[in-house]
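Commentary on secondary and tertiary structure
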Amino acid sequence: NTEVVTLGEAMRLLLAEPGVALRRARTFTSSVAGAETNVAVGLARLGHRVRWLSRVGDDPSGAHVLATLRADDVDVSRVEVDPDAYTGFLIRDTETVEYHRSGSAASRLSAAYVREAGLDGARLVHVSGITAMLSSDAREAVEALFTLARASGAWVSFDPNVRLKLGHPDRWRETVGTLLTRADLVFTGEDELELLGQTPGTLLAGRAQTVVVKHRDKVARAVTADGSWSQPSLVTQVADPVGAGDALTSGYLSAWLRGASPEEALRAGAASAALVVGTRTDLEGLPDQGELTKALLGTEV
Ligand code: CKP
Ligand code: MG
């Protein structure tokens, strides 16, 4: 059976050669990007059964996305292939992102699709604010996922992942601010939490059981009703910072699913993030259990 379900857009990633401004870059590495597929691959590598729900276009980039995820044993059996829309892509260097995703297949996700796909007995669902900001249909798909999770007793994990290229701050507050207050586990940057007008305290007073905040000073803090725990960054070498948040989320959630303490989960998250930051694409650094254990031993004093 499925243990975790994620819902979101995956895109073909064209990553510019290092050290060259994006507008002058001539050589690009092809990979796959997308917050929810990053978390899906991170969890699958750590041994969890993960199903990813989405739509891709009937095009070579859609096939590339599916093949990449299948190679990591992510269940893509419910992904729809849209004959009338394209697979989104992004072109970026380490600082600048060009999105080419408007009207993409994933922007046509719907509540009906999510209800039909179902959760297959999953204990946990994970989604980010990006999915809800793709279109009003995609927002309804996220709401349907929350409703299904609530009805079946699955936990909802949510990362606002604010991307101002996808909408004005007011729209993020309206759409994603509301979803945030309906999640059981929250993974968020300090600046995102401020923009959305929440604090760990306000979220814990509502629905949330755990709030993990990535602070500006690179310390991650987990807050629950029982206390608060801090974990400094374990990054020693930066090749590309993108994907660090999703790596932290997958490391944390894997430990959490196995019943670990917030302290251990934060360490696993920080170690996964450091491995991803040390490599260029979002996916290549995500560790399997052996690599994670080795990285954790290496940080012990
Ligand atoms: O917050 P993170 O750096 O972990 O998020 C990275 C992902 O989905 C990346 O894969 C990118 O494609 C995106 O966020 C996005 O849509 O911006
Ligand atoms: Mg993030």
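Residues numbered from 1 in each chain as written. Chains lettered and ligands numbered in written order. Predicted model: local features only at pLDDT ≥ 70, side-chain atom pairs only at ≥ 80, totals over all residues. Heavy atoms only, no water.

1. Concerning the sheet that holds strand β12 (residues 210-214)
Quick note on the threshold: Two strands qualify as a pair provided that DSSP identifies no fewer than 2 bridges between them. In this text, helices come from DSSP runs of H or I with a minimum length of four residues, and strands from runs of E with a minimum of two, each type numbered from the N-terminal end. Throughout, an axis means a line fitted to C-alpha atoms (over the contacting stretch in the case of helices), and angles, computed between N-to-C directions, take values from 0 to 180 degrees. By the convention used here, residues are in contact when the closest approach between their heavy atoms is within 4.5 Å.
Spatially, β4-β1-β9-β10-β11-β12-β13-β14 is the arrangement adopted by the eight strands of the open sheet, whose pairing is mixed. What marks the edges here is a single partner per strand, and that holds for β4 (50-53) and β14 (227-232). Averaged over neighbouring strand pairs, the angle between their axes works out to 15 degrees when direction is ignored. Here helix α5 (residues 136-152) sits on the sheet and contacts β1 (4-7), β4, β9 (124-128) and β10 (155-159); the angle it forms with β9, its principal contact strand, is near 160 degrees.

2. Let's talk about the nonpolar core
Operational definition: Within this scheme, the nonpolar core is defined by two criteria: the residues are buried Ala, Val, Leu, Ile, Met, Phe, Trp, Tyr or Cys, and they are joined through side-chain atoms within 4.5 Å. Under the scheme applied here, a residue whose accessible area is under 20% of the maximum for its type counts as buried, over 50% as exposed, and between as partly exposed, the area being computed with a 1.4 Å probe on protein chains only.
Among the nonpolar cores identified, the biggest contains 46 residues, and Trp52, Val74 and Tyr252 are the most heavily contacted of them. Looking at this core, the elements with two or more residues in it are α1 (35-45), β4, α2 (60-71), β11 (185-189), β13 (219-224), α9 (244-257), α10 (262-277) and α11 (289-298). In contact with Tyr252, not counting residues within four places along its chain, are Phe187, Thr210, Val212, Ala222, Pro262, Ala265, Leu266 and Gly269. Judged by nonpolar contacts, the second largest core, of 42 residues, contains Leu53, Val156, Leu193 and Leu196.

3. A look at unusual backbone geometry
Despite not being glycine, Asp73 has its phi angle at roughly 65 degrees, a positive value. Along the polypeptide, Asp73 turns up in the loop between α2 and β6 (80-82). Judged by relative accessible area, Asp73 falls into the exposed class, the value being 65%. The backbone of Asp120 shows a phi angle near 50 degrees, a positive value even though the residue is not glycine. Within the secondary structure, Asp120 is located in the loop between α3 (111-117) and β9.

4. So, the sheet that holds strand β7 (residues 89-92)
On the basis of which strands lie adjacent, the open sheet formed by four strands has the order β3-β2-β7-β8 and mixed pairing. Here the strands that pair on one side only, and so sit at the sheet edges, are β3 (28-33) and β8 (97-100). Put simply, the sheet's adjacent strands are angled 20 degrees from each other on average, direction ignored. Pairing of strand β2 (residues 11-16) with β3, which is carried by six bridges, proceeds in the antiparallel orientation. Note that in β3 the partner of Arg12 across the bridge is Val32.

5. Concerning the pairing of β10
Stated precisely, the cut-off is as follows: Here is how to tell: hold the view so the strands point away, follow the path from the first strand over the helix to the second, and if it runs clockwise the crossover is right-handed.
Here β10 lies mainly inside the structure; four of its five residues are buried. For β9 and β10, the ladder comprises five bridges, and the chain directions are parallel. Residue pairing in the sheet places Val127 in a bridge with Phe158 of β10. Summarising the sheet, β10 and β11 pair through two bridges and their orientation is parallel. Counterpart to Ser157 in the pairing with β11 is Leu185. Taking the sense of rotation as the criterion, the β-α-β connection linking β10, helix α6 (residues 169-180) and β11 turns out right-handed.

6. Things to note about the environment of Thr175
Its location among the elements puts Thr175 in helix α6. C-alpha separation for the pair Thr175 and Ala132, spaced 43 residues apart in sequence, amounts to 7.1 Å. Look past the residues within four positions of Thr175 in its chain and what remains in contact with it is Ala132, Met133 and Arg139.

7. Digging into the side chain of Ser254
Examined against the element boundaries, Ser254 turns out to sit in helix α9. For Ser254, the residues in contact, after removing those within four places along its chain, are Leu43, Leu46 and His48.

8. What to know about the site of ligand 1
What counts here: The criterion for a residue being near a molecule or strand is simple. One of its heavy atoms has to lie within 4 Å of it. Any pair of N or O atoms that falls within 3.5 Å is considered a polar contact. Within protein, one atom must be able to donate a hydrogen and the other to accept it, and sequence-neighbouring residues count only if both atoms are side-chain atoms. Computed with a 1.4 Å probe, the accessible areas rest on the Shrake-Rupley method; for each residue, only the protein chains presented here act as cover.
If you check the shell around ligand 1, you find 17 residues, and the closest are Gly34, Tyr99, Arg163, Gly243 and Asp282. Here an oxygen atom of ligand 1 and a side-chain polar atom of Arg163 are 2.7 Å apart. Residue Asp282 places a side-chain N or O atom 2.4 Å away from an oxygen atom belonging to ligand 1. Protein contact buries 90% of the 410 Å² of open area that ligand 1 shows by itself.

9. Here we look at the packing of α9 against α10
The condition is simple: A clockwise turn of the near helix away from the far one marks a right-handed crossing, whereas an anticlockwise turn of less than a right angle marks a left-handed crossing.
Across the interface, α9 lies against α10 with an axial gap of 7 Å and an inter-helix angle of 145 degrees. Considering how the two elements wind past one another, α9 and α10 form a crossing that is right-handed. Contacts from Ala244, Ala247, Leu248, Gly251, Tyr252, Ala255 and Trp256 in α9 reach Pro262, Ala265, Leu266, Ala268, Gly269, Ala270, Ser272, Ala273, Val276 and Val277 in α10.

10. Focus: the packing of α1 against α9
Note the cut-off: Should an angle lie under 35 degrees it is considered roughly parallel, over 145 roughly antiparallel, and from 65 to 115 roughly perpendicular; all remaining angles are considered oblique. Basically, the charged four are Asp, Glu, Lys and Arg, the nonpolar ten are Ala, Val, Leu, Ile, Met, Phe, Trp, Tyr, Cys and Pro, and anything else, Gly included, counts as polar.
The geometry of α1 relative to α9 is characterised by a closest axis approach of 8 Å and an angle of 45 degrees between their N-to-C directions. Judged by the inter-axis angle, α1 sits oblique to α9. Considering the relative orientation of α1 and α9, their crossing is right-handed. Facing α1, whose interface residues are Ala35, Asn38, Val39, Gly42 and Leu43, α9 presents Asp246, Thr249, Ser250, Leu253, Ser254 and Leu257. Among the residues forming the contact of α1 with α9, the class breakdown is five nonpolar, five polar and one charged.

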